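# Secondary and tertiary structure notes
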Amino acid sequence: MNGAYIRFRIMAWVAGIMSLILWFIDIPVKYFLNVPFLEDKIDWIPIVHGYQYPFYIITVIELAYRLKWDVMKIVKFILAGTLPVASFIAEKKVRATYDSSK
């Protein structure tokens, strides 16, 4: 359980940071600022975000299996990886539950 917990915490932070970068740097530069030379410099952001998100999902599923979560809770935690701050909140909830169960 400890390994799944640590992997989830790491991936929640990675997903949250990449989501913040995507929503507040990549999307505004590409769709609102219209700065062509800057667009070429940030093309990596959605690619990295797209590759790391499935790993976040895998860690959620692994943790859910070990903690015996119901399907709705799993879906909520998976969707938390899509919003900029939600994965940080999800990580905090898991940390509070894990620390209180020790």
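This text follows the structure it describes.
Below is a summary of the structure that appears in this document. (Residues numbered from 1 in each chain as written. Predicted model: local features only at pLDDT ≥ 70, side-chain atom pairs only at ≥ 80, totals over all residues. Heavy atoms only, no water.)

### Let's talk about the nonpolar core
Worth spelling out the cut-off: Definition of nonpolar core: a set of buried residues of the types Ala, Val, Leu, Ile, Met, Phe, Trp, Tyr and Cys, connected through side-chain atoms within 4.5 Å. Each residue's exposure class comes from its accessible area (1.4 Å probe, protein chains only) as a fraction of the maximum for that residue type: buried when under 20%, exposed when over 50%, partly exposed otherwise. A helix here means a DSSP run of H or I that spans at least four residues, while a strand means a run of E at least two residues long, and both kinds are numbered starting from the N terminus. Contacts: residue pairs with any heavy atoms within 4.5 Å of one another.
In this structure, Phe8, Tyr56, Val60, Leu63, Trp69, Phe77 and Val94 are the most contacted members of the largest nonpolar core, which totals 19 residues. Of all elements in the fold, only α1 (2–33), α3 (44–67), α4 (71–80) and α5 (86–101) reach the threshold of two or more residues within this core. Sorting elements by how many residues they give to this core places α1 first, with 6 residues. Look past the residues within four positions of Tyr56 in its chain and what remains in contact with it is Phe8, Met11, Ala12, Ala15, Phe77, Ile78, Ala80, Gly81, Ser87 and Ala90. Membership of the second largest hydrophobic core comes to 5 residues, among which are Leu22, Val29, Ile42 and Ile45.

### Observations regarding the packing of α3 against α4
We count it as follows: Where helices are involved, their axes are fitted lines through C-alpha atoms of the stretch in contact, as for all axes, and angles between N-to-C directions lie from 0 to 180°. Orientation labels follow simple angle bins: below 35 degrees gives roughly parallel, above 145 gives roughly antiparallel, 65 to 115 gives roughly perpendicular, and whatever is left gives oblique. When the near helix sits turned anticlockwise from the far one by under a right angle, the crossing is termed left-handed; a clockwise turn instead gives a right-handed crossing. Throughout, the ten residues Ala, Val, Leu, Ile, Met, Phe, Trp, Tyr, Cys and Pro are labelled nonpolar, Asp, Glu, Lys and Arg are labelled charged, and all others, Gly among them, are labelled polar.
Interhelical geometry of α3 versus α4 gives an angle of 155° and a closest axis separation of 9 Å. The angle between α3 and α4 places the two elements in the roughly antiparallel class. For the pair α3 and α4, the crossing hand works out as right-handed. On α4, the residues touching Tyr53, Tyr56, Ile57, Val60, Ile61 and Ala64 of α3 are Ile74, Phe77, Ile78, Leu79 and Ala80. In the contact of α3 with α4, the residues fall into 11 nonpolar, no polar and no charged.

### Regarding a nonpolar patch on the surface
Heads up, the rule is: Residues forming no salt bridge and having over 30% relative accessible area are the ones grouped into patches, like charges within 9 Å of each other and nonpolar side chains (Val, Leu, Ile, Met, Phe, Trp, Tyr) within 5 Å. Accessible surface area values rest on a Shrake-Rupley calculation with a 1.4 Å probe, where residue burial reflects the displayed protein chains alone. Any carboxyl oxygen of Asp or Glu within 4 Å of a side-chain nitrogen of Lys or Arg constitutes a salt bridge here.
A contiguous nonpolar patch, built from Trp23, Phe24, Ile25 and Leu83 and spanning about 410 Å² of accessible area, is present on the exposed surface. Relative to the helices and strands, Leu83 resides in the loop between α4 and α5.

### A closer look at the pattern of salt bridges
Applying the stated rule across the entire model yields 6 salt bridges. One salt bridge connects Glu91 with Arg9, and the closest N-O pair in it is separated by 2.5 Å. Of this pair, Glu91 sits in helix α5 while Arg9 sits in helix α1, placing them 82 residues apart in sequence. Arg9 gets classed as partly exposed once you look at its relative accessible area, which sits at 27%. In this structure, the salt-bridge partner of Lys30 is Asp26, at a minimum N-O distance of 3.6 Å. Here Asp26 and Lys30 lie together in helix α1, a separation of 4 residues that amounts to about one turn.

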